[in-house]
Amino acid sequence: MTKLWVLLVATTACLAPLAATAQSMTPMRGEVRSFTDAFAVKVFPGNPYDKRIRVEVHVYDQDFRPVEARISPSVFLLAGQASRPVLVVVPFDGASDRKVRICTESIPFPGEQTQIRAQICGKFFGHRKF
Amino acid sequence: MKFVRAAIGAALLVGCAGQTASAATGNVLFNGTITATCTLTVNSNGTMTVSSNLQSLSSHNAGGSAGSVQVDTTGGVQLSVDPVTTTTVPAADVTATTWTPTFATTGAQTISETGTATALTVPGTSTAAINLAGTKSGTNRFSAGNYQATVTVRCE
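Parameters at a glance
Residues numbered from 1 in each chain as written. Chains lettered and ligands numbered in written order. Predicted model: local features only at pLDDT ≥ 70, side-chain atom pairs only at ≥ 80, totals over all residues. Helix = DSSP H or I, 4+ residues; strand = E, 2+ residues; numbered from the N terminus. Contact = placed C-beta atoms within 7 Å. Buried ≥ 20, exposed ≤ 12 C-beta atoms within 10 Å, placed from the backbone. Core = buried A, V, L, I, M, F, W, Y, C linked by C-beta atoms within 7 Å. pLDDT = per-residue confidence, 0-100. Nonpolar A, V, L, I, M, F, W, Y, C, P; charged D, E, K, R; others polar. Pairing = 2+ DSSP bridges.

K.L.:
Explain the overall build of chain B here, please?
P.N.:
What chain B contains, in helices and strands, is one helix and 11 strands. Reading the secondary structure of chain B in the N-to-C direction produces α-β-β-β-β-β-β-β-β-β-β-β. Here the contacts in chain B between residues at least 6 apart in sequence split such that 68% fall between residues at least 24 apart.

K.L.:
Looking at this model, I keep getting lost on the overall build of chain A. Mind explaining?
P.N.:
Helix and strand counts for chain A come out as one helix and nine strands. From first element to last, N terminus to C terminus, chain A shows the α and β order α-β-β-β-β-β-β-β-β-β. A burial count over chain A gives 35% of its 130 residues as buried.

K.L.:
Sorry if this is basic, but what is going on with the nonpolar core here?
P.N.:
A general feature of soluble globular proteins is that nonpolar side chains tend to end up buried together. Counting 47 residues, the largest nonpolar core has A:Val88, A:Ile102, B:Leu40, B:Val69, B:Ile130 and B:Val153 as the members making the most contacts within it. Of all the elements, strand β9 (residues 114-128) of chain A adds the most residues to this core, at five residues. Among all residues touching B:Val153, those that are not within four sequence positions of it are A:Ile116, A:Ala118, A:Gln119, B:Leu40, B:Val69, B:Val81, B:Phe103, B:Ala128 and B:Ile130.

K.L.:
Looking at this model, I keep getting lost on the environment of B:Phe142. Mind explaining?
P.N.:
All names here are of chain B. Secondary-structure assignment places Phe 142 in the loop between β10 (124-135) and β11 (148-155). Overall, Phe 142 belongs to the buried group, with 23 C-beta atoms counted inside 10 Å. Sequence-wise, Phe 142 and Gln 55 are 87 residues apart; in three dimensions their C-alpha atoms are separated by 6.1 Å. Not counting the four nearest positions on each side in its chain, Phe 142 is found in contact with Val 50, Leu 54, Leu 57, Asp 93 and Lys 136.

K.L.:
Which parts of the structure should I look at to understand the confidence of the model for chain B?
P.N.:
Low pLDDT marks regions whose predicted coordinates should not be analysed in detail. Per-residue confidence for chain B gives a mean pLDDT of 90; residues scoring 70 or more make up 86%. Here the predicted complex scores 0.81 on pTM and 0.80 on ipTM.

K.L.:
What is the right way to look at the interface of chain A and chain B in this model?
P.N.:
Accessible area lost on assembly of the parts is the figure often given for the size of an interface. The interface is formed by 24 residues belonging to chain A together with 27 residues belonging to chain B. Of the residues forming the side of chain A that touches chain B, the biggest block, nine residues, is contributed by β9(A). Of the residues contributing to the side of chain A that touches chain B, the split by class is 12 nonpolar, seven polar and five charged. As paired strands, β9(A) and β11(B) are joined by seven bridges and run parallel to one another. By the bridge assignment for β11(B), A:Ala118 is matched with B:Val153.

K.L.:
Honestly, the sheet that holds strand β7 (residues 86-91) of chain A in this entry has me stumped. Any pointers?
P.N.:
Backbone-to-backbone hydrogen bonds pair the strands of a sheet. The strands run either parallel or antiparallel. Residue and element names in this part refer to chain A. The strand order across the open sheet built from four strands is β1-β3-β7-β5, with neighbouring strands paired in antiparallel fashion. In the strand order of this sheet, the two ends are held by β1 (25-26) and β5 (70-72), each with one partner. The pairing of β5 with β7 spans three bridges and is classified as antiparallel. Following the sheet pairing, Ser 72 is matched in β7 by Leu 87.

K.L.:
Which parts of the structure should I look at to understand the environment of A:Val86?
P.N.:
Residue and element names in this part refer to chain A. By the secondary structure assignment, Val 86 is in strand β7. Through-space distance from the C-alpha of Val 86 to that of Lys 42 is 5.6 Å; in sequence the pair is 44 residues apart. If we skip the residues at most four places from it in the chain, Val 86 touches Val 43, Pro 45, Val 57, Ile 71, Ser 72 and Pro 73.

K.L.:
Could you clarify how one ought to interpret the pairing of β7(A) in this entry?
P.N.:
Looking along a regular strand, one sees side chains alternate from face to face of the sheet. Pairing of strand β3 (residues 38-45) of chain A with β7(A), which is carried by six bridges, proceeds in the antiparallel orientation. The residue of β7(A) that forms the bridge with A:Phe39 is A:Val90.

K.L.:
What is the right way to read unusual backbone geometry from this model?
P.N.:
Residue and element names in this part refer to chain A. With an omega dihedral of -10 degrees, the bond running from Thr 26 to Pro 27 counts as a cis peptide bond. Here Pro 27 shows up in the loop between β1 and β2 (29-34). The amide bond that connects Ser 72 to the next residue, Pro 73, takes the cis arrangement and shows omega of -5 degrees. Mapped onto the elements, Pro 73 comes out in the loop between β5 and β6 (75-78). Unlike most non-glycine residues, Phe 64 shows phi in positive territory, near 60 degrees.

K.L.:
What is the right way to read the confidence of the model for chain A from this model?
P.N.:
Of the residues in chain A, 82% reach a pLDDT of 70 or more, and the chain-wide mean stands at 84. This model gives residues 6-23 of chain A a pLDDT under 50, and the stretch forms 37 contacts once residues within four places in sequence are excluded.

See below:
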């Protein structure tokens, strides 16, 4: 189990330098090679507003069906103009490659008649190496 | 003898004067990669009003207003709206409503009003107007009460 985490962190570290802060979600593209039965991606949701918002992170497949992934944290409050890392671990589920969308969602002004949910989705491609 | 020494010294000085100091030059390369980025900032939500025949509840109707979203991007992304699935209607409204979300952009890139996913190829800031229209067909009418719908604007 420890080896698995070491490998996951290692694969995440390969992607991390691509990330930057102060965006709604970075990176928005990524390709990860993993030696385990899952691959990990670290994304950075950002809050462009001056007020605190509630942010949710979800993982979908190519057809926008939810994917059972481990997201840490999946729901959180993000301070204005802030950004924070979110670790997403996606299982291959027996496949050798997997394409997923990781989406950051928020409704900055809830409770109104026609409210807008802003969703930023990144496309990520995991390759399993044996 | 003194004259010979002076002549040799002068000749050496003259010989050295023509020599330039040797220096090496090299180029330092800088590389930078910008990946696709997109920031959505909701400026305001929209407002829907009902038409005189009570069959349209829309932000396009008189008194209604579109929602506004600022889009900042490097290009290489796609903007879309999802079909509306989350609505709240008054208890008296038991008939079906067809909800149609659309968007149009101005600014860095102009997109005419559409409900179809559209590529944002021009880097910069655009403003998207988000509209929502609910329609009822046949003899069905909108009822008195509060309606609420959520439009998902996606940048990917």
